[in-house]
Amino acid sequence: MKEWNEIKKRVKEVATRAYKEGLVAGTSGNVSYYDRESNKVFITPTNGDYLAMKPEDIVVINLDGEVVEGKFKPSSEWLLHVELYKHYDHVNSVIHTHSPYATGFAIVDEKIPLILVEMLPFLGGDIPVARFGMPGTSEVGLHAVDVMANRNAALLQNHGVVAVGNTPEQAYIRAIYVEDAAKAYHYAKLMGEPQMVPEKAQDILRERYNLKK
């Protein structure tokens, strides 16, 4: 199907960009898109080489993880993606990364506070930490759901990052902003006491962007 081929191409391109940007290493991480009309998830294959990956390598599954189309197995973290799709109607794409600065904060179980104004429009505010869940289980996704009601990204304790969007491209940009905020926060902590965006400015920006706390 022509539409499916276009979706596969976009998922593949975002996955490759994430690799080249250093958001993932080796074959880690995963990207997906949920086509709500066909009720199908387009997701990167497990252990896929991002530089060698082709659009036709993207696996199509249903919400139960059954392969509808594709010669490979879907990412081992497909349940993380599916839980977010099931719980949030506004989420149509998910990217899971292991970007180093953000993952560092996930390892020490420290959220990234609202230190940059752009975190509000892109991420919805600070970046919370989701409790640890065993990789490859629904637990990872459910713990992410718990902290992402008004957020577009979260840290996964001892694991990495998850970001969501309406499109693969939007989810990717949000993952980029997570790593950017984590890097800035890391350096700020080295130089002194990080200052949060003032409360009054937060309120103004939340009203401007129609955001909830």
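The structure reproduced in this document is the subject of the present report. (Residues numbered from 1 in each chain as written. Predicted model: local features only at pLDDT ≥ 70, side-chain atom pairs only at ≥ 80, totals over all residues. Heavy atoms only, no water.)

## Let's talk about the overall build of the chain
Basically, it comes down to this: A helix here means a DSSP run of H or I that spans at least four residues, while a strand means a run of E at least two residues long, and both kinds are numbered starting from the N terminus. Two things to know: the radius of gyration comes from C-alpha atoms, and the globule rule equals 2.2 Å times the number of residues to the power 0.38. Burial here depends on accessible area, computed with a 1.4 Å probe over protein chains only, as a share of the maximum for the residue type. Under 20% is buried, over 50% is exposed, and the range in between is partly exposed. In short, Shrake-Rupley with a 1.4 Å probe defines the accessible areas, and a residue's cover is counted only from the protein chains shown.
Counting its regular elements, the chain contains seven helices and eight strands. Computed over C-alpha atoms, the radius of gyration of the chain comes to 17 Å, within 12% of the 17 Å expected from 2.2 N^0.38 for 213 residues, which places it in the range of a compact globule. For the chain, the spread of C-alpha atoms along the principal axes amounts to about 50 × 35 × 25 Å. Taken across its 213 residues, the chain has 52% of its residues classed as buried. For the chain, the accessible area works out to roughly 10,300 Å², and carbon and sulfur atoms hold 51% of it.

## Re the sheet that holds strand S6 (residues 129–130)
Applicable threshold: One bridge is not enough; two strands pair if DSSP finds at least two bridges between them.
Taken together, eight strands build an open sheet; the order of strands is S4-S3-S2-S1-S5-S8-S7-S6 and the sheet is mixed. Each having just a single partner strand, strand S4 (67–69) and S6 make up the two edges of the open sheet.

## Observations concerning the packing of aromatic side chains
Heads up, the rule is: For Phe, Tyr and Trp, rings pair up if their centres lie within 6.5 Å, where Trp contributes its six-membered ring, and each pair is then called stacked (planes under 30 degrees apart), edge-to-face (over 60) or tilted (otherwise).
Tallied over the full model, the rule gives six aromatic pairs. The interplanar angle of 90° and the centroid separation of 5.4 Å between the aromatic rings of Trp4 and Phe42 together place this pair among those described as edge-to-face. With Trp4 in helix H1 (residues 2–20) and Phe42 in strand S2 (residues 40–43), this pair connects stretches of sequence that are 38 residues apart. Overall, the relative accessible area of 0% leaves Phe42 in the buried class. The interplanar angle of 20° and the centroid separation of 4.0 Å between the aromatic rings of Phe122 and Tyr177 together place this pair among those described as stacked. Placement of Phe122 in helix H4 (residues 119–123) and of Tyr177 in helix H6 (residues 168–191) is noted, with a sequence separation of 55 residues between them. Given a relative accessible area of 29%, Phe122 falls into the partly exposed group.

## Here's the deal with the side chain of Glu77
Rules: Here Asp and Glu are counted as negative and Lys and Arg as positive; His is not counted, and neither are the chain ends. Between Lys or Arg on one side and Asp or Glu on the other, a salt bridge is scored when a side-chain nitrogen of the former is within 4 Å of a carboxyl oxygen of the latter. Throughout, a contact is declared for two residues whenever any of their heavy atoms are within 4.5 Å.
With respect to the element layout, Glu77 can be found in the loop between S4 and helix H2 (78–87). Although buried, Glu77 forms no salt bridge, and the nearest oppositely charged side chain, Lys86, lies 14 Å from it. With sequence-adjacent residues up to four places away left out, Glu77 is seen in contact with Asn30, His96, Pro135, Gly136, Val140 and His159.

## Concerning the nonpolar core
We apply this condition: By nonpolar core is meant a set of buried Ala, Val, Leu, Ile, Met, Phe, Trp, Tyr and Cys residues that side-chain atoms within 4.5 Å join together.
Formed by 40 residues in total, the largest nonpolar core has its most connected members in Ile95, Ile112, Met119, Ile127, Leu155 and Val178. The set of elements that each furnish at least two residues to this core consists of H1, strand S1 (30–35), helix H3 (100–107), H4, strand S7 (153–156), strand S8 (160–165) and H6. Counting residues per element, this core draws most heavily on H6, which supplies seven residues. Leave out the neighbours within four places in its chain, and Ile112 touches Phe105, Met119, Asp126, Ile127, Leu155, Val178, Ala181, Ala182 and Tyr185. Membership of the second largest hydrophobic core comes to 24 residues, among which are Tyr34, Leu80, Ala130 and Val145.

## Overview of the packing of H2 against helix H5 (residues 138–147)
Defined as follows: To get an axis, a line is fitted to the C-alpha atoms, and for a helix only the part in contact is used. The angle between two axes follows their N-to-C directions and goes from 0 to 180 degrees. For classification, angles of less than 35 degrees are called roughly parallel, those exceeding 145 degrees roughly antiparallel, those between 65 and 115 degrees roughly perpendicular, and all remaining angles oblique. By convention the crossing between two helices is left-handed if the near helix lies anticlockwise of the far one by an angle smaller than a right angle, and right-handed if it lies clockwise. Under the scheme applied, nonpolar residues are Ala, Val, Leu, Ile, Met, Phe, Trp, Tyr, Cys and Pro; charged residues are Asp, Glu, Lys and Arg; polar residues are all the others, including Gly.
Interhelical geometry of H2 versus H5 gives an angle of 40° and a closest axis separation of 7 Å. Overall, the two elements H2 and H5 adopt an arrangement that is oblique. Considering only the axes of H2 and H5, their crossing is right-handed. Contact residues: Leu79, Leu80, Glu83, Leu84 and His87 in H2; Ser138, Val140, Gly141, Leu142, Ala144 and Val145 in H5. Of the residues contributing to the contact of H2 with H5, the split by class is seven nonpolar, three polar and one charged.

Taken by themselves, the reported measurements are silent on function.
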